[in-house]
Amino acid sequence: MKRYMTGIFAMIIGTALAFGTSAFKNANVNHDGEEFWVLKSGTIASTNPADYKLGTDNCEQDVHFCGFYAPDDGTGKPQIPSGSALRSDLSNLSMDNNTAYNTSGDISFKDPN
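Bear in mind the structure is a predicted one, so any value in this text is a computation, not a measurement.

Visitor: Just checking my understanding: could you explain the overall build of the chain for this structure?
Guide: A tally of helices and strands in the chain yields 2 helices and 4 strands. Of the regular secondary structure in the chain, the N- to C-terminal order runs α-β-β-β-α-β. The proportion of buried residues among the 113 residues of the chain is 27%. Residue pairs in contact within the chain that sit at least 24 positions apart in sequence constitute 59% of those at least 6 positions apart.

Visitor: Is there a simple way to explain the nonpolar core in this structure?
Guide: In globular proteins that are soluble, nonpolar side chains generally tend to be buried together. Grouped together as the largest cluster of nonpolar side chains are 13 residues, with contacts concentrated most on Tyr52, Phe65, Phe68, Leu86, Leu90, Leu93 and Ile107. Looking at this core, the elements that each hand over two or more residues are strand E3 (64–70), helix H2 (85–95) and strand E4 (107–110). In this structure, Phe36, Val38, Cys59 and Cys66 belong to the second largest nonpolar core, which totals 5 residues.

Visitor: Please explain the environment of Glu34 as it appears in this structure.
Guide: Position of Glu34 relative to the elements: it lies in the loop between helix H1 (2–22) and strand E1 (35–39). Counting along the chain gives 44 residues from Glu34 to Pro78, while the straight-line C-alpha distance between them is 8.9 Å.

Visitor: How should the packing of aromatic side chains be read in this particular structure?
Guide: The relation between two aromatic rings is expressed through the spacing of the ring centres and the mutual angle of the planes. A full pass over the atoms with the stated rule returns 2 aromatic pairs. With a centroid separation of 4.9 Å and 65° between ring planes, the pair formed by Phe36 and Tyr69 is classed as edge-to-face. Highlighted residues: Phe36 in strand E1 and Tyr69 in strand E3, separated in sequence by 33 residues. Comparing Phe36 with Tyr69 shows no difference in burial state: the two are buried.

Visitor: Whenever I open this one, the side chain of Asn102 confuses me. Can you help?
Guide: Within the fold, Asn102 resides in the loop between H2 and E4. Among the residues examined, Asn102 registers a relative accessible area of 9% and is labelled buried.

Visitor: Help me out: how do you make sense of the side chain of Asp51 in this one?
Guide: Within the secondary structure, Asp51 sits in the loop between E1 and strand E2 (52–54). Engagement of the side chain of Asp51 in a polar contact is seen with the side chain of Ser46, the distance being 2.5 Å.

Visitor: How should the environment of Asp73 be read in this particular structure?
Guide: Take Asp73: it is sitting in the loop between E3 and H2. Sequence separation between Asp73 and Pro49 is 24 residues, and the spatial gap between their C-alpha atoms is 9.3 Å. Beyond its immediate stretch of four places on either side in the chain, Asp73 contacts Pro78 and Gln79. A polar atom in the side chain of Asp73 sits 2.6 Å from the side chain of Thr75.

Visitor: How do you make sense of the environment of Ser91 when you look at a structure like this?
Guide: Checked against the element boundaries, Ser91 lands in helix H2. Judged by relative accessible area, which is 29%, Ser91 ranks as partly exposed. Separated by 43 residues in sequence, Ser91 and Asn48 have C-alpha atoms that sit 9.6 Å apart.

Rules and cut-offs
Residues numbered from 1 in each chain as written. Predicted model: local features only at pLDDT ≥ 70, side-chain atom pairs only at ≥ 80, totals over all residues. Heavy atoms only, no water. Helix = DSSP H or I, 4+ residues; strand = E, 2+ residues; numbered from the N terminus. Buried < 20%, exposed > 50% of the residue type's maximum accessible area, 1.4 Å probe, protein only. Contact = heavy atoms within 4.5 Å. Core = buried A, V, L, I, M, F, W, Y, C linked by side-chain atoms within 4.5 Å. Phe/Tyr/Trp six-rings, centres within 6.5 Å; stacked < 30°, edge-to-face > 60°. Polar contact = N/O pair within 3.5 Å; in protein donor to acceptor, adjacent residues only side chain to side chain.

So, in structure tokens, the structure goes:
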């Protein structure tokens, strides 16, 4: 019985680790035709395209928002479509920027140190 409990415990831990780290993995996401957008100085994560400027993704994976991938809308601002996973992620980050919302796979996070 103890052997079965150990196996079940190991499966639970493995599953938790797989789901817990999946928010940070965006290496498999195709960003062709997309730019990397960072916050302008003095702004917080939001769904307002005017709050962002072009930047580079030199973020280290952690739970602090760094920027995101999205195509340029033709006016030098990122496309953040209504109803998209990216808009939802940015909306959630505007309320709580210490949680790694990344269902879109487009968000990057940095080490605060």
